[in-house]
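Spelled out, the chains give:
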Amino acid sequence: MEIVRSIADMQTRAEGLRREGKSIGIVPTMGFLHDGHLSLIARARKETNVVVTTLFVNPAQFGLNEDLEQYPRDPVRDEKLAAEAGTDILFMPETRDMYPEGYRTYVVTEELAGILEGKIRPTHFRGVTTVVMKLFQIVKPHTAVFGQKDAQQAAIIRQMIRDLNLDVRLIVAPIVREADGLAMSSRNIYLNPDERKSAVALWKSLRFAKDAIGRGERSIVVLRSGMEVMLQEARASSIDYIAFVHPNTFREIDEIGPPEVLIALAVRFGRTRLLDNAIVSVPAEATS
Ligand code: AMP
């Protein structure tokens, strides 16, 4: 595995690979890699000739009072894990190169960037779409692999690719979970042992909703309040949202109906904010 830090070097490498007829896959990450990230690298490995994993803690997607400074970092371990998972090039740019003095240009996806996560973190998705657009210009990928873990982010990238005619194929890979069901996340390290135990309630509440829908429950009010009770019993410090949305558009739905619904939630345990979601099939024949 090669490590590239310079934007110009990365662009030259990408141009050369394209000229050789190689397909390039990109896996954007903020590092502190876990099995979720590694599954995306493995997927890119299967789908493309050359896998470029990017590691950049993107200041533009953190709000003023968020955890940019505390965000966990371990570049040495990341290098090892990225290589073992099948990365060909690890691109690790410097912040001063990505956002030099006088940087002024942002990519904004209207509407989608302002709901749910975007309501609570108003500049977050603007930072995400901007950095992903920049990474696409630098790495020149044919295919980009993102995780379903950040479902709204995946929907926003899909919208950006469509709206800006980007010639990039998007793959959204499934959520990788710990043995007890907690979705893997770099931020899980912030949880103390009690919070870590309680945090499994996110997954349990999604399982509850899934089972209830399977049994014919179709009321969003009933499903949401059942999930809230489970999260409160697990001593969640706050529930930011429990949303029922269309799996592709991420628009909130009024009624649960076939073929699928995406349930997304953001919950705080102590000071740590966790996200999870599940795509649930809704059988056509069931009645509530
Ligand atoms: P991050 O480093 O948190 O920005 O995440 C980088 C990529 O990994 C994003 O596309 C995430 O959706 C994805 N990802 C994070 N956690 C998981 C997980 N548990 N399973 C699958 N993909 C994940």
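Residues numbered from 1 in each chain as written. Predicted model: local features only at pLDDT ≥ 70, side-chain atom pairs only at ≥ 80, totals over all residues. Heavy atoms only, no water.

Bringing the site of the ligand into the picture now. Around the ligand, the structure places 17 residues, and the nearest of them are His37, Gly147, Asp150, Val176 and Met184. Here an oxygen atom of the ligand sits 2.9 Å away from a polar atom, N or O, in the main chain of Gly147. One of the backbone N or O atoms of Val176 is found 2.8 Å from a nitrogen atom in the ligand. Protein contacts shield 92% of the accessible area of the ligand, which totals 490 Å² for the unbound molecule. Of all the elements in the fold, those that place two or more residues in the shell around the ligand are β2 (24-29), α2 (35-47) and β5 (143-147). Counting residues per element, the shell around the ligand draws most heavily on α2, which supplies three residues. Tallied by class, residues from the shell around the ligand come to nine nonpolar, six polar and two charged. (Near = heavy atom within 4 Å. Polar contact = N/O pair within 3.5 Å; in protein donor to acceptor, adjacent residues only side chain to side chain. Areas by Shrake-Rupley, 256 points an atom, 1.4 Å probe, with all protein chains shown as cover. Helix = DSSP H or I, 4+ residues; strand = E, 2+ residues; numbered from the N terminus. Nonpolar A, V, L, I, M, F, W, Y, C, P; charged D, E, K, R; others polar.)

A few words now on the pairing of β2. For a regular strand, side chains alternate in direction, first toward one face of the sheet and then toward the other. Burial within β2 is extensive, with six of its six residues counted as buried. Across six bridges, the pairing between β2 and strand β3 (residues 50-55) is parallel. Each residue of the ladder has a partner; that of Ile26, found in β3, is Val52. Regarding topology, α2 serves as the crossover connection from β2 to the parallel β3, and that connection is right-handed. (Buried < 20%, exposed > 50% of the residue type's maximum accessible area, 1.4 Å probe, protein only. Pairing = 2+ DSSP bridges. Right-handed = clockwise from strand over helix to strand, strands pointing away.)

Right, let's get into the domain arrangement of the protein. Each assigned domain of the protein is listed here: domain 1 (2-173) and domain 2 (186-279). For domain 1 and domain 2, the distance between their C-alpha centroids amounts to 26 Å. Of the residues lining the interface, 23 residues belong to domain 1; the matching set on domain 2 comes to 21 residues. Summing both partners gives a buried area of about 1,800 Å² for domain 1 against domain 2, and 54% of it is carried by carbon and sulfur. Ranking the residues of domain 1 by area buried against domain 2 places Leu116, Glu117 and Ile120 at the top, with a combined share of 29%. (Domains from an automatic or database assignment. Contact = heavy atoms within 4.5 Å. Buried area = accessible area lost by both parts, 1.4 Å probe.)

Here we take up the sheet that holds strand β7 (residues 238-245). Strand order in the open sheet formed by three strands is β7-β8-β9, and the pairing between neighbours is antiparallel. Unpaired on one side and paired on the other, β7 and β9 (272-281) mark the two borders of the sheet. Averaged over all pairs of adjacent strands, the angle between their axes in this sheet comes to 10°, without regard to strand direction. Bridge analysis of strand β8 (residues 260-269) against β9 gives 10 bridges, and the strand direction is antiparallel. Across the sheet, the residue bridging to Ala264 is Asn277, located in β9. (Axes fitted to C-alpha atoms, helices over the stretch in contact; angles between N-to-C directions.)

Right, let's get into the packing of α2 against helix α3 (residues 75-85). Two numbers describe how α2 lies on α3: the axes approach to 9 Å, and their chain directions differ by 35°. Considering how the two elements wind past one another, α2 and α3 form a crossing that is right-handed. Of the residues in α3, those touching α2 at Leu38, Ile41 and Ala42 are Leu81, Ala82 and Ala85. Considering only residue class, the contact of α2 with α3 consists of six nonpolar, no polar and no charged. (Left-handed = near helix turned anticlockwise from the far one by under 90°.)

Moving on: the sheet that holds β2. One open sheet holds the six strands; their spatial order is β1-β4-β3-β2-β5-β6, and the pairing between them is parallel. In this open sheet, the two strands that pair with only one neighbour each are β1 (2-4) and β6 (169-173). Mean inter-strand twist for the sheet, computed between neighbouring axes without regard to direction, equals 25°. Alignment of β1 against strand β4 (residues 89-91), held across three bridges, turns out to be parallel. Its bridge partner lying in β4, Val4 is registered against Phe91. Contacting β2, β3, β4 and β5, helix α6 (residues 124-139) runs over the sheet at an angle of about 145° to β2.

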